[in-house]
Amino acid sequence: VQEGEAGGITQQIGATFFPDIALVEQTRRVDPDFEIEVPGVMIIDTPGHEAFNNLRVRGSSLCDMAILVIDIMHGLEPQTVESLELLKKRRCFFVIALNKIDVLYQWNSIPNTCVKDALERQEDFVKEEFNKRLGDIMLQLNSRGLNVALYWENDSPGQTVSIIPTSALTGEGVCDLLYMALHSTQTIMPEKLEVEEELSCTVIEVKNIEGLGTTIDVVLVNGTLREGDQIVLAGIGGPIVTNIRALLTPAPMKEMRVKNDYIQHKKIDTSMGIKISAPGLDDAIAGCELYVCGPDDDLEELKEEVSEGFESILADFEKQPTGVYVKASTLGSLEALLTFLGESNIPVFDVGIGEVHSKDVKKASIMKDKKCPEYAVIMAFDVKVNAEAKKLAEKEDVQIMTADIIYHLFDKFTKYIEQVKESEKTTRRSEAVFPVALKIQKEMVFRQKDPILVGCKVELGQLRLGTPLYAEGKKDQQDKPLVIGRVGGIEKNKKPVEVAREGDQVAVKIEQNTAQSHLQYGRHFDHTS
């Protein structure tokens, strides 16, 4: 899964179902006598990156238990602390996977083994480093009000959080993690796992899939979904009422996000990550509850419930009169990007989901009419740009910035804005006029016509490149002062300079435009003017 993700960072929520057959093989390595009473485990993977707080909130509110992953080399990161607070707030049972033990110096790996065996076969100095790093992390967790212990030393799993050392790369400790997840749920909270008839189903992502159109990924916790059911869920413009066209699930042991063939079902009544294909889901919003309208239900009541439960960053999102145009692959990513842009003080003019089309380029080009050409930008996160849109963007001079990692988008935009500001400075510099009075030295006239080269003394002010010069006392045909050209170059002591100040003796190159090229020294003006 990780190999398929941009920068190896989880960018969206995913869900994977592990059937009991696969789990038996893993748990036997830890405890051969352990009996699995649940039909399987569904694991929801939420992004750990700081920008994705909204997706973590969504994931933690769905689960019976959570696995908090801590890097043994880095300890508690800002997002680890944030996840801890989320779990405390929701009073959610969790265990800690202390990952990357294989990175410890000279760790001796045997893939997919039990972690106690893995630790026993290490050299003493490796065990020492492990214990030191474990101690540091336990201290950090204690300071946050958590009692923690290695899972085989934990006598009161209800009050103390279990730590399971793991290596996702070599698979060491993964069997212990699955064992602990199953053991804890079966012993500490079996009543929570009892199947209920009442539907509990949450939308975690909205995605555009080739061949299926806009689909929603949902996590079904309780209840039953059937093909053809009328469903009600929240949309950007109000509640959406539609009928399920297809219930699709990935094959067992496959992630929902990894492109693979889906299995189609007539009905599903177990906890499962499901992709629902139905018409009219374009404006669906991730993070809201999904309801099924049965024969005895009042559709209007369900619509009201959906509207009340709709809490999303997009609800608070205010379009700015001027700003960038944002496109993302999923609603979760869009929310994360909007939060990130808000924190970075980048205004957003409009948003959209899915591929960048020529209509998006037209929308972004409106900024040029609003005299804000620097915001004629489309920030496309994890989406394709079609060929027509690229052509139109070049023609309309609209910047399309694409990236599949949020931070890269921000870097691109910052660099672009710096370039715009720099070019504005250059333009302004050529427009700014510094007052100056020059006296031409009669004996130092090197060239009399375009480009005129003369030696001058700066009598007042300062002479800069680009300064327009006129001959004092001379008028043009409109009876205005006679402008003879602009300063194209200044040399002082045979070296080029950008500025000459009062009292300086300099050689000046005067460049003329087409309308001025007929003006010559000695004919239209001289050293007396």
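Described in the following lines is the structure provided in the data block. A quick note: this is a predicted structure, and the numbers were derived from the prediction, not measured.

**A word on the environment of Thr 187**
Phase 1: By the element assignment, Thr 187 lies in helix H6 (residues 174-188).
Phase 2: We classify Thr 187 as partly exposed; its relative accessible area is 49%.
Phase 3: For Thr 187, the side chain forms a polar contact with the main-chain oxygen of His 183, separated by 2.6 Å.

**Quick word on the pairing of strand S6 (residues 161-165)**
Phase 1: Burial analysis of S6 places five of its five residues in the buried class, which makes it a mostly covered element.
Phase 2: Residues of S6 alternate between two faces, with Val 161, Ile 163 and Pro 165 on one and Ser 162 and Ile 164 on the opposite face, all of them buried.
Phase 3: Pairing between strand S4 (residues 93-99) and S6: three bridges, direction parallel. Bridged to Ile 96 within S6 is Ile 163.
Phase 4: Relative to S6, strand S5 (residues 148-150) is paired through three bridges, and the arrangement is parallel. When the sheet's bridge partners are listed, Ala 149 is paired in S6 with Ser 162.

**Notes on the pattern of salt bridges**
Phase 1: Counted by the stated rule, this structure contains 15 salt bridges.
Phase 2: Two residues, Lys 266 and Glu 227, come together in a salt bridge whose shortest N-O distance is 3.3 Å. Taken together, the positions of Lys 266 in the loop between strand S13 (262-265) and strand S14 (267-268) and Glu 227 in the loop between strand S9 (225-226) and strand S10 (230-233) put the pair 39 residues apart, joining distant regions of the chain.
Phase 3: Between Lys 492 and Asp 504 there is a salt bridge, and its shortest N-O distance comes to 3.5 Å. In this pair, Lys 492 sits in strand S24 (residues 481-492) while Asp 504 sits in the loop between strand S26 (499-501) and strand S27 (505-511), placing the two residues 12 residues apart along the sequence.
Phase 4: Judged by its relative accessible area of 30%, Lys 492 falls in the partly exposed class.
Phase 5: On the basis of relative accessibility, which here comes to 15%, the residue Asp 504 falls in the buried class.
Phase 6: A cluster of three or more residues bridged by salt bridges with shared partners is formed by Lys 319, Asp 350 and Lys 363.

**Regarding helix H10 (residues 358-369)**
Phase 1: In a regular helix each residue adds 1.5 Å, so 12 residues correspond to 16 Å; H10 covers 17 Å between its end C-alpha atoms and thus fits that length.
Phase 2: Every buried residue of H10 is listed here: Asp 360, Val 361, Ala 364, Ser 365 and Met 367. Projection of H10 onto a plane perpendicular to its axis shows the buried side chains occupying an angular sector of 135°, all on one side. The exposed set on the far side of H10, more than 90 degrees from its buried face, consists of Lys 359, Lys 362 and Asp 369.
Phase 3: In this structure, the buried side of H10 is in contact with strand S17 (324-328), strand S18 (348-353), strand S19 (377-381), helix H11 (387-396) and strand S20 (399-403).
Phase 4: Directly beyond the C-terminal end of H10, a positive phi value near 60° is found at Lys 371.

**Thoughts on the sheet that holds S13**
Phase 1: Read across the sheet, five strands follow the order S7-S8-S15-S12-S13 without closing on themselves; strand pairing throughout is antiparallel. At either margin of the open sheet sits one strand with a lone partner, and together these are strand S7 (200-209) and S13. Taking the axes of each pair of neighbouring strands and ignoring which way they run, one obtains an average angle of 35° across the sheet.
Phase 2: For strand S12 (residues 246-250) and S13, the ladder comprises four bridges, and the chain directions are antiparallel. Paired with Pro 250 across the strands is Tyr 262, a residue of S13.

**Structural notes on the side chain of Thr 467**
Phase 1: In this structure, Thr 467 sits in the loop between strand S22 (452-464) and strand S23 (468-475).
Phase 2: When neighbours within four sequence positions are excluded, Thr 467 is seen to be in contact with Val 433, Phe 434, Val 436, Gly 485, Arg 486 and Val 487.

**Observations concerning the packing of H10 against H11**
Phase 1: The geometry of H10 relative to H11 is characterised by a closest axis approach of 8 Å and an angle of 20° between their N-to-C directions. In terms of orientation, H10 lies roughly parallel with respect to H11. As for how H10 packs across H11, the hand of that crossing is right-handed. Between H10 and H11, the contacting residues are Ser 358, Val 361, Lys 362, Ser 365 and Lys 368 on the first element and Glu 388, Ala 389, Leu 392, Ala 393 and Glu 396 on the second.

The rules we used
- Residues numbered from 1 in each chain as written.
- Predicted model: local features only at pLDDT ≥ 70, side-chain atom pairs only at ≥ 80, totals over all residues.
- Heavy atoms only, no water.
- Helix = DSSP H or I, 4+ residues; strand = E, 2+ residues; numbered from the N terminus.
- Buried < 20%, exposed > 50% of the residue type's maximum accessible area, 1.4 Å probe, protein only.
- Polar contact = N/O pair within 3.5 Å; in protein donor to acceptor, adjacent residues only side chain to side chain.
- Pairing = 2+ DSSP bridges.
- Salt bridge = Lys/Arg side-chain N within 4 Å of Asp/Glu carboxyl O.
- Expected span 1.5 Å × (residues − 1).
- Arc of directions from axis to C-beta.
- Contact = heavy atoms within 4.5 Å.
- Axes fitted to C-alpha atoms, helices over the stretch in contact; angles between N-to-C directions.
- Parallel < 35°, antiparallel > 145°, perpendicular 65-115°, else oblique.
- Left-handed = near helix turned anticlockwise from the far one by under 90°.

By themselves, these are just geometric observations and shouldn't be taken as functional.
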